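# Overview (structure and organization)
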Amino acid sequence: MNDLSKDTTITAVLRIASSNIIKLTSSILIAFLLPKLLGVEDFGYYKIFLLYATYMGIFHFGFADGIYLEYGGLNYSELDLNRFRIYTRFFIKIQTMLSLIGVTIVLLLVKNEYLILLIMLFIYIPIINLINYFQLISQAVSRFKEYSNRILLLSLLNIVIIAIMILMNISNYKVYILFLIIINFIILIGYFYTYRNIIVKPDHPILIKKREYFNLFKIGIPLLLANLTSTLVLTVDRQIVEIFFDLVDFSVYSFAYSMLAIITTLVSAVSIVIYPILKNVDKSNIQTTYSKLIQLIVIFVMFSLTAYFPLKWIIPKFLPEYSESLTIFMIALPGLMISSSITAIKHNFFKVLNKNNHYFYIAILSIIISIILNLIFYYVFLTKEAIAVSSVISLFVWYIITELYMIKFYKVKWKKNILLIIFSGGLFYGLSNLQNYIIFGFIYFTVVSLIIVFNYRSKIKRGYRSLLKKRNWCDKYEK
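Note that this is a predicted model, so its numbers are computed, not measured.

The next subject is the overall build of the protein. Across its full length, the protein holds 17 helices and zero strands. A burial count over the protein gives 52% of its 479 residues as buried. In the protein, the proportion of contacts linking residues at least 24 apart, taken out of those at least 6 apart, comes to 85%. Accessible area for the protein stands at about 22,600 Å²; split by element, carbon and sulfur atoms hold 68% of it.

Let's shift gears to the packing of helix H14 (residues 384-410) against helix H15 (residues 415-432). With their axes 12 Å apart at the nearest point, H14 and H15 run at an angle of 170° to one another. By the angle between their directions, the pair H14 and H15 is classed as roughly antiparallel. Side by side, H14 and H15 meet where Val392, Phe396, Tyr399 and Ile400 of the first sit next to Asn417, Ile418, Ile421, Ile422 and Tyr429 of the second. Grouping the amino acids of the contact of H14 with H15 by side-chain chemistry returns eight nonpolar, one polar and no charged.

Even without being glycine, Asn169 reaches a positive phi, approximately 55°. Assignment of secondary structure puts Asn169 in the loop between helix H5 (144-167) and helix H6 (173-194). By relative accessible area, Asn169 is classed as exposed at 66%. The backbone phi angle of Lys411 is positive, close to 55°, even though this residue is not glycine. Structurally, Lys411 can be placed in the loop between H14 and H15.

Now for empty space enclosed by the protein. Under the criterion given, the structure shown has three cavities of 30 Å³ or more. In this structure, the second largest cavity occupies an estimated 40 Å³ of space. Lining the second largest cavity are Ala53, Met56, Gly57, Tyr124, Ile125, Ile128 and Asn129. A per-element tally of the lining of the second largest cavity places helix H4 (residues 114-140) first, with four residues. Along the lines of polarity and charge, the residues of the lining of the second largest cavity split into five nonpolar, two polar and no charged.

Moving on, we get to the nonpolar core. Among the nonpolar cores identified, the biggest contains 145 residues, and Tyr46 and Tyr133 are the most heavily contacted of them. It is H4 that provides the largest number of residues to this core, a total of 15 residues. Mapped onto the domain boundaries, this core takes at least three residues apiece from domain 1 (21-208) and domain 2 (222-461). Setting aside chain neighbours within four positions, we find Tyr133 in contact with Phe63, Ala64, Ile67, Phe84, Tyr87, Thr88 and Phe91.

As a further point, take the packing of aromatic side chains. Counting across every chain of the model gives 43 aromatic pairs. Between the aromatic rings of Phe49 and Tyr124, the centroid separation amounts to 5.2 Å while the plane-to-plane angle is 50°, which identifies the pairing as tilted. Here the residue Phe49 occupies a position in helix H1 (residues 9-53), and Tyr124 occupies one in helix H4, the gap between them amounting to 75 residues. Classification of Phe49 by relative accessible area gives buried; the value is 0%. By relative accessible area, which is 11% here, Tyr124 ends up buried. With a centroid separation of 6.0 Å and 75° between ring planes, the pair formed by Phe428 and Tyr444 is classed as edge-to-face. Of this pair, Phe428 sits in helix H15 while Tyr444 is found in helix H16 (residues 437-455), placing the two residues 16 residues apart along the sequence. By way of ring pairs, the aromatic residues Phe63, Phe84, Tyr87, Phe90, Phe91, Tyr133, Phe134, Tyr191, Phe192, Tyr195 and Phe217 are connected into one cluster. Positioned over the ring face of Tyr193 is Arg196, at 4.2 Å from the centre of the ring.

This part is about the side chain of Lys47. Tracing the chain through its elements places Lys47 in helix H1. Every residue in contact with Lys47, bar those within four places of it in the chain, is listed here: Phe250, Ser254 and Ser258.

For Phe63, the position within the fold is in helix H2 (residues 63-71). Using a relative accessible area of 0% as the deciding quantity, one classes Phe63 as buried. Separated by 152 residues in the primary sequence, Phe63 and Asn215 place their C-alpha atoms 9.2 Å from one another. Excluding anything up to four places from it in sequence, Phe63 contacts Tyr87, Phe90, Phe91, Tyr133, Tyr213, Leu216 and Phe217.

A few words now on the packing of H2 against H4. H4 packs onto H2 with a crossing angle of 10° between their chain directions and a minimal axis gap of 9 Å. Judged on the interaxial angle alone, H4 and H2 are roughly parallel. Residues Phe63, Ala64, Asp65, Ile67, Tyr68 and Tyr71 of H2 form the contact with H4, whose own contacting residues are Tyr133, Leu136, Ile137, Gln139 and Ala140. Considered class by class, the residues forming the contact of H2 with H4 number nine nonpolar, one polar and one charged.

Along the polypeptide, Ser394 turns up in helix H14. According to the relative accessible area criterion, Ser394 is buried, its value standing at 2%.

Rules behind the numbers
- Residues numbered from 1 in each chain as written.
- Predicted model: local features only at pLDDT ≥ 70, side-chain atom pairs only at ≥ 80, totals over all residues.
- Heavy atoms only, no water.
- Helix = DSSP H or I, 4+ residues; strand = E, 2+ residues; numbered from the N terminus.
- Buried < 20%, exposed > 50% of the residue type's maximum accessible area, 1.4 Å probe, protein only.
- Contact = heavy atoms within 4.5 Å.
- Areas by Shrake-Rupley, 256 points an atom, 1.4 Å probe, with all protein chains shown as cover.
- Axes fitted to C-alpha atoms, helices over the stretch in contact; angles between N-to-C directions.
- Parallel < 35°, antiparallel > 145°, perpendicular 65-115°, else oblique.
- Nonpolar A, V, L, I, M, F, W, Y, C, P; charged D, E, K, R; others polar.
- 1 Å grid on protein atoms, 1.4 Å probe; cavity = no way out; pocket = protein on both sides within 12 Å on 5 of 7 lines; lining within 4 Å.
- Points joined across faces, edges and corners; volume = space filled by probe spheres on them.
- Core = buried A, V, L, I, M, F, W, Y, C linked by side-chain atoms within 4.5 Å.
- Domains from an automatic or database assignment.
- Phe/Tyr/Trp six-rings, centres within 6.5 Å; stacked < 30°, edge-to-face > 60°.
- Lys NZ or Arg CZ within 6 Å of the ring centre and 35° of its normal.

So, in structure tokens, the structure goes:
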């Protein structure tokens, strides 16, 4: 395989962003067409499958994360291919074995509706974990073109699946999950071909001591646990709803998060490229870099909150059976400013600073607080909306704890970002509950725009002057 030079920051972000435009289209179709196609109950079972699939990354036991941390920032040509061939074959064996054990246990112990769902889950696990393994290698060595191409292909295949199911009038969640497994297997085969140089039998077999494997697990497990705890904090509310409410309620609640996922699709363009870039940033620039990146994410999501206002008109007309989810969506939406800041920026800084253990401890504390709050709100109010409120409060607590850590040890600037989150969240909650949502949506967008222009007027002026200079230079050159 020919080595590709490292992408520049702008090129990498643009490449991931362009593939995410197709992914966004796919996400919109899945968010709005799939619930209508499957119906409330089957959509609920599908979301249960996805909920438990989010935890399945634990079954690579930190090995893939260890490789990501150990080799992040290198060029592909700098990798020891023989060593990676042994790593890859070892990882394939582990995943295959775990899948077989999982399917066997399910066949022996489960006899209800969840039998087929869990079998498909354990078939799905090794495919997703192997895809994740190759994705982490792509990200570690900054081969973002391969990563973005796979996002593009997966998104297009998702669109094809939806089209096939609509044309054939298929409304069974099991069929959709089966299609999902097949298209991810196609993506995995593509990775096998792309990375065939680190899959085939080593040309010159080398002896890898157990200590070397142990070291990869050792450095990867803190990141694995940090990722897992992050996932748990973000999914505690859905888990509570899945346990204490019926399938229809869970389906409605999950639909609100499907709409949220449309926005997080765009945020992921930044989070994917940020780690290898930050790894090469001078540690003395942490204060300014950290605060600016948090601010950019917050501003982006501030504008994204405007999506609620047209959806308030669209959902009752197109998906009336999910209209109840609009209240949950409205409550949870400002929480994206917080969760996106943590997952896209804060977590990457903890990785770069090699503070994964500290991030894990913070996330564990946040999980405990989140579980307690969710249970209190459930037993006091007994509503899904109360669970959504407690989830936003939990996210804010998580943000504050991570921020206190960064303030204490790295003296980061924090006031402007926290004020932006509180003000825009308060403004959104105030305006979104008023009757004429089109007018108040416009007011929200206008106020947020004015705040941004006022805060960044000096930078906007500098950018405008720079454009004028370039234009004047071009005019003189043409003359």
